[in-house]
Amino acid sequence: MTENVNLPDESATRALAALVGAKLQAGDLVYLSGELGAGKTTFAQELARALGVEEDVTSPTFTLILEYNSGRVPLLHCDAYRLEDLESEELGDTGFFDFLERRDAVRLLEWPEMVAGYLPTPTWSIEITFEGDSRRASLRKLP
Ligand SMILES: Nc1ncnc2c1ncn2[C@@H]1O[C@H](COP(=O)(O)OP(=O)(O)O)[C@@H](O)[C@H]1O
Ligand SMILES: [Mg+2]
């Protein structure tokens with residue numbers, strides 16, 4: 001099922017993230033795509049809040065994988081932006097496969113297209129695109 005949602009302002013992005021976050025459970029894998037400035041970090045922050053995460057949620061660009069344990073289920077947040085072109089052994093060294101194996105957690109992956117060859121089917125796939133002055137989310141929930 002694919003659904004398109006208009007995101008005219010930041011609060012719309014947050015509302016959508018809250019909606020998705022409220023439905024998540026351990027083992028879920030969420031892909032989050034969108035170019036720079038699309039609202040991925042905004043979405044991740046509100047999704048974390050919906051899980052009850054109390055810490056500040058930042059962008060895992062340099063840390064690669066961040067873990068939050070103050071919510072109702074652990075949240076792992078990975079940014080694959082810098083993982084493009086890595087051999088599978090190097091990718092393993094980054095902890096990326098350990099991230100994928102963490103079924104006890106909700107796994108949120110930004111830039112999934114950078115590691116496309118290694119990815120299982122997600123639970124949710126969200127892509128935010130610019131539409132003129134506005135933004136739009138394409139939301140896919142897999143059974
Ligand atoms: N739907 C939206 N409409 C307008 N601005 C938004 C929207 N979503 C996020 N923003 C704003 O866009 C900027 C970039 O958002 P951010 O979440 O950092 O994007 P990304 O992580 O994809 O680079 C922030 O200033 C944020 O407040
Ligand atoms: Mg970001």
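Now for a look at the structure at hand. Just so it is clear, the structure is predicted and the values come from calculations on it, not from any experiment. (Residues numbered from 1 in each chain as written. Chains lettered and ligands numbered in written order. Predicted model: local features only at pLDDT ≥ 70, side-chain atom pairs only at ≥ 80, totals over all residues. Heavy atoms only, no water.)

1. Some remarks on the nonpolar core
Formed by 27 residues in total, the largest nonpolar core has its most connected members in V20, L24, F43, L47, L51, L75 and I126. Of all the elements in the fold, those that place two or more residues in this core are α1 (10-23), β2 (29-33), α2 (40-50), β3 (65-68), β5 (106-110), β6 (124-131) and β7 (134-141). Excluding residues within four positions of it along the chain, F43 makes contact with T13, L16, A17, V20, L32 and I126. Formed by 16 residues, the second largest nonpolar core is a distinct cluster that contains Y31, L83, L100 and M114. (Core = buried A, V, L, I, M, F, W, Y, C linked by side-chain atoms within 4.5 Å. Buried < 20%, exposed > 50% of the residue type's maximum accessible area, 1.4 Å probe, protein only. Helix = DSSP H or I, 4+ residues; strand = E, 2+ residues; numbered from the N terminus. Contact = heavy atoms within 4.5 Å.)

2. Side note on the packing of α1 against α2
It is the contact of α1 with α2, at a shortest axis distance of 7 Å, that shows an interaxial angle of 40 degrees. Here α2 runs oblique to α1, going by the angle between their axes. In the crossing of α1 with α2, the sense of the turn from one axis to the other is right-handed. Residue-level inspection shows E10, T13, R14, L16, A17, A18, V20, G21 and A22 of α1 in contact with α2, the latter providing T42, F43, Q45, E46, L47 and A50. Partitioned by chemical class, the residues of the contact of α1 with α2 number eight nonpolar, four polar and three charged. (Axes fitted to C-alpha atoms, helices over the stretch in contact; angles between N-to-C directions. Parallel < 35°, antiparallel > 145°, perpendicular 65-115°, else oblique. Left-handed = near helix turned anticlockwise from the far one by under 90°. Nonpolar A, V, L, I, M, F, W, Y, C, P; charged D, E, K, R; others polar.)

3. Section: the site of ligand 1
In the vicinity of ligand 1, 14 residues are found, and the nearest of them are E10, G37, K40, T42 and R135. Side-chain polar atom of T13 to a nitrogen atom of ligand 1: 2.8 Å apart, as the coordinates give it. Elements that contribute at least two residues to the shell around ligand 1 include exactly α1 and α2. Broken down by element, the shell around ligand 1 gets its largest block of residues, three residues, from α2. When grouped by side-chain class, the residues that make up the shell around ligand 1 number four nonpolar, five polar and five charged. (Near = heavy atom within 4 Å. Polar contact = N/O pair within 3.5 Å; in protein donor to acceptor, adjacent residues only side chain to side chain.)

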